[in-house]
Amino acid sequence: MKHSLSFSTIGEMTIMGQFLVKRFFQSLVLILIVSIITFFIMNLAPGGPSSMMRMDATAEERAAIAEQLGLNEPVIVRYKDWLLSALGGDLGTSLSSGQPVIERIMERFPYTFQLTAITLIISVVVGVILGVISAMNRNKWQDNLINFGSVVGLSVPSFWMAIMFILLFSVELQWLPSSGVGDSSLVDKAKSMAMPVIILATSTLPTIVRFTRSSMLEVINQNFIRTARSKGAREKTVVYFHALKNALIPVVSIIGVLIPRLLGGAVIVETVFGWPGMGRLIVEASQGRDYNLVMGVTVFVTVLVIVSNFIVDIIYSKLDPRVKAY
Amino acid sequence: MSNPAANNTDLNQVRVSANIKKSTAWTRLKKNKAAFSALIFLVLIHLLIFVGPFIWTVNPDATNPAGMLQGITASHPLGTDDLGRDVLARMMKGGQITLLVGFGAMFFTVLIGGLVGMLAGYYGKWVDIILMRFTEAMLSIPNFFLALVALTVFGKSPLMVVLVIAFTSWMEIARVVYGETLKWKESEFVEASEALGSSSVRTLYKHIFPQIIPSIIVSSTLGIAWAILTESAISYLGLGIQPPTATWGNMLQNAQQYIWTTPMLGVLPGVAIALVVLAYNFLGDGLRDALDPKHRGGK
Amino acid sequence: MKKLWQISILFIVSVLVLAACGSAQSDEGGGESGGAEGEAVKGGEIAIPIAADPTFNTWHPNAYAESNVVNRIIFTGLTKPGKDLSPSPALAEEWSASEDGNVWTFKLRQGVKWHDGEDFTADDVAFTFNDLVLDESLGSNGASNYKSLEEVVVVDDHTVEFHLERPWAALPAYLAFNSEIMPEHQLSGGDPWDNVEFNKKNPVGTGPYKMDTYTSGQSVSLVKNEDFYEGEPNLDKVTYKIVPDSNTQIAQAISNELDIFVMEDKSAIERIESSNDLEVVAADITRYFWIALNQEDERFTDAKVRQAFTHAIDRQAIVDSVLQGYGKVAHGPITPDQQAFYTDEVQQYPYDVEMAKQLLSEAGWEDSDGDGVVDKDGEPFKIVFDIAIQGDLERIAQLVQQYLIEVGIDVELNVLEWNAMIQKNIIERDYEMMLNWWSYPTDPDVYAQYGSENAGTGNNIPGYQDAKLDELLQQGQATSDPEERAEVYREAQEYMAETLPYIYLWYPQELQLRNANLKGVPDTYFGSTLHYIYEWYLDE
């Protein structure tokens, strides 16, 4: 993180090592906290796994299932068991399917990954371009238009936009499928992903546009650009070669913030478009009180975010010599 | 579920000079067309929503199955919904709840975020480490997942929805306030006040807090927009505030069933949400510019 | 080959023309969707949506509605609902009860093979019931239906006997309802619920379709079982697509990606009827909606109060609005699709606010302080009305709330998520008023939901206990002569309409959305049509 301590370059490797260890333990504590919060929220909740919650089940049937699922132990004991087994790398079995939790996550993770990764790439590429255009035309109509578009994108409820898209592109025009992941062909795949990606991008693209814009303006106002400009270089060249390079560096840092948001947005998008990812999985799992699966998905996603933030921080520190990740 | 709009303050921490006169900010805001129209729009819509029900006294919960899904009529200027209720009355009543959820969530967001940021920034040392580490931790948790679990589990009362939104959005404000506090802590008058023997609580309250008010105002404005949007998203998943209490979010969610036959039912709350959120976003941006002339390059 | 096609098409066309000429007068009777008697076309594939990942084992505690529609075509049961919904042969060819009604003997079909080539025998039937259903530690889904079953005895390879604790005339009907037979050779030994390989990946059944591929969160593809005992199915492939959002389901149907399913909400009908490729079929179903007033709460023990509630709610108006007319006001638990048993010659409760108020005042509830809420001994009539988030329930509850407010009852809605509702209302029986529905096998035996012994922990949700009703319903269970049985249930219906153990709301119809080219589907409820999926075909 930006405001972490900065050390001298001597013995960088050891410091890096220390940093890694420190970061690792911090992450462990974080995961522990997340797991405790989730576990207790879930287990203190009214209701139980759906298999026990059938309307016509009798008390004896419910008791039998609770026994099978090991739900008769006190919550603390169950958490301890879960934690010990999780530390050993075993996230348990899904209460709703009997499959290992990790298997269920791995069935869904590739789809969430595809969706969020493509959205992220598109957001960054398009967002940076729009941000640069915006900054270069500060306060002109291009800037105003892009700014307006960004605010609108952030303001329309995404599920509503998604349904309007389905009405338009799937039902009326019949251009794009309203649901599913597409068959094997690349064109099919692209068609299936078009709407989910666009909807998901409305929550990330504006942030990147605005961030790039203000980052560009800040760099442009810095002295070395002024110097370069006074030397008579053509303004556009200056912008591209100096400003952009420097302005992009902080844009990397915002990716860390965007990843959790993308994963959150995926819940809605996956539900509307029937996309078989982890977002839908956690909605189903928490409604069905599949305790182990909820725990597994939450911990998995937390690890995912921690790891990706870590990578972003490392890249950031490599790009910008003024910033140290550690 | 972190607050997207507030991120913009990360880089350009709102650098408000202590002696910006309110009047200058107000003049600047007035010059910003988008923000000023947003402000006027918001004043009008709040008047409509909070005063309107005294004039249009139709009971928003009164059902009438015989008169459902009607178009515009004299007795129902915006038609009726799927249970024959008056849409105008429900839009106003629902708007009240939606905006109150927005304000409520914003209040708790600012309260938690402000306290965490100020305490961490002012006291430093282990307070800083614990609080800001915790803030970072919360930022990297996929909050929406936790929020889903919490709402599934604890029910969907308006207060619960407010708290869940606040609990998952306070971190950005904490970081902004933290940065501001750090900066002002070093300033001469704070040091002077400490030298004169003021208690730390007093210094914090008398000298630092007033300085960070502008950034809090900006964050709160954007925070309301975010809370309204979040309420509609959790309503879509069936985890929002439940009927018969109307909110724009659950009206929109309910209208989904009718997109095939009565799409108008979804258009009203959808547009209302979009416009109000848009207006708060514009106002927030405008306020940032007005309170911090450097930000948008002296517009 | 091509010639052959042309000739057969020509033949079909001429047969159809002749048939149309010859039977013009009996047209409305022949509305069987093109009629199963038309020449079926082989080949083609269809898609059916389900809301979530299925579990391929009927008895698994995790097998919910989305699993049932899949399992029904992978597996088969001893009986199935006939096209008139009365139990008809499936794996069992014939059956009969002993003189005292305590033993039922089933003759099994010979030469039936499991999808993996093993022979189906009486041992599989015994295994399914003795080792899955009757093993209390397993908590099998639907085991409570078989409370009076003692054990299944294998007589020979193709004969089994069901030994009962008491006579039970409804057994063949219950065997047709989510009671498929599981393969012993696949599931015996080890915990059957932990057998992920079978329950989640490669189920082995006796049904018309067998597993091809299953991708979690996406689809279950099944291919036809050429050796199916009723004959080779027409459709090559049936795919269950997992589509959780109901609007997306409708959008997909409009773009011809889905062929048949039940529409949960009825608001899209107009849009669908405007599409030439789709048709909407309404079918009766063995289901009724009710309100339970907790009998532990003494305010509700007076029948007059329950009658007042029934008069206060304009059920016809709700049927006309929320159900768009696809339903019928209910008088009791026995549904109109059971023509041999249903009667509406019972006490009726038309919408009548004055009558409701009068009945309330007879029960001691009057608005003595003029605040619009009736009271008794100084206590206003305030009710918390629990409702689960599911389908139309919330909408209905909001209407009911307003109707009750109209007659002076202060009703507060308490909306609960489904699992939380089950915990509070069903397990803890902690509620004042709730609204839900029962679906049950097409047989008038409703003892499970009414018997005094099922109050408290069983399916008698209101906890209504009445010795006379118990006796009537037990008599119905023990009587196998159809006429005598009808008489018993007629009397029971009259009695229930007077005493109102539940507040009866309506019998909903089920709306199926079908691809207009999909033929050979019986005009019964969706769940029962699946038993005939081997007769379905695409006519294009």
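Going by the structure above, here's the rest.
Residues numbered from 1 in each chain as written. Chains lettered and ligands numbered in written order. Predicted model: local features only at pLDDT ≥ 70, side-chain atom pairs only at ≥ 80, totals over all residues. Heavy atoms only, no water.

Draft legend 1. Quick look at the interface of chain C and chain B. Each side of the interface is counted separately: chain C has 25 residues, and chain B has 21 residues. Summed over both partners, the interface of chain C with chain B comes to about 2,000 Å²; 55% of that surface belongs to carbon and sulfur atoms. Ranking the residues of chain C by area buried against chain B places C:Asn247, C:Arg395 and C:Gln398 at the top, with a combined share of 28%. Run the count over chain C and chain B and you get 1 salt bridge. Of the charged contacts in the structure, one is a salt bridge between C:Arg395 and B:Asp82, with a shortest N-O distance of 2.8 Å. Counting the contacts that link chain C with chain B gives 4 residue pairs in polar contact (both at pLDDT 80 or more). Among the elements that line the side of chain C that touches chain B, the one with the most residues is helix α12 (residues 393-406) of chain C, at 7 residues. Residues belonging to the side of chain C that touches chain B are distributed by class as follows: 11 nonpolar, 6 polar and 8 charged. (Contact = heavy atoms within 4.5 Å. Buried area = accessible area lost by both parts, 1.4 Å probe. Salt bridge = Lys/Arg side-chain N within 4 Å of Asp/Glu carboxyl O. Polar contact = N/O pair within 3.5 Å; in protein donor to acceptor, adjacent residues only side chain to side chain. Helix = DSSP H or I, 4+ residues; strand = E, 2+ residues; numbered from the N terminus. Nonpolar A, V, L, I, M, F, W, Y, C, P; charged D, E, K, R; others polar.)

Draft legend 2. Here's a closer look at the sheet that holds strand β7 (residues 159-164) of chain C. Residue and element names in this part refer to chain C. Read across the sheet, 4 strands follow the order β4-β5-β7-β6 without closing on themselves; strand pairing throughout is antiparallel. The open sheet is flanked by β4 (92-97) and β6 (149-156), the only strands paired with a single partner. Here the average twist between neighbouring strands, direction ignored, is 20°. The pairing of β6 with β7 spans 6 bridges and is classified as antiparallel. Within the sheet, the bridge partner assigned to Leu-149 lies in β7 and is Leu-164. Where helix α3 (residues 122-133) meets the sheet, it contacts β5 (103-108), β6 and β7, and its direction lies at approximately 170° from that of β6. (Pairing = 2+ DSSP bridges. Axes fitted to C-alpha atoms, helices over the stretch in contact; angles between N-to-C directions.)

Draft legend 3. Region of interest: the pattern of salt bridges. Enumeration according to the criterion identifies 32 salt bridges over all chains in this entry. Between A:Arg289 and C:Glu417 there is a salt bridge, and its shortest N-O distance comes to 2.8 Å. In this pair, A:Arg289 sits in the loop between α11 (278-287) and α12 (291-319) while C:Glu417 sits in the loop between β18 (410-416) and α13 (418-427), so the two residues belong to two different chains. C:Glu417 shares its class with A:Arg289; the two are buried. Members of the salt-bridge network, linked through shared partners, are A:Arg104, A:Arg108, A:Arg280, A:Glu284 and C:Asp53. (Buried < 20%, exposed > 50% of the residue type's maximum accessible area, 1.4 Å probe, protein only.)

Draft legend 4. Up close: the side chain of C:Thr248. Relative to the assigned elements, C:Thr248 resides in helix α7 (residues 246-254). Discounting residues that sit within four places of it in the chain, C:Thr248 has contacts with A:Ile166, A:Ser178, A:Ser179, A:Val272 and C:Val243.

These values are about where atoms sit, not about what they do.
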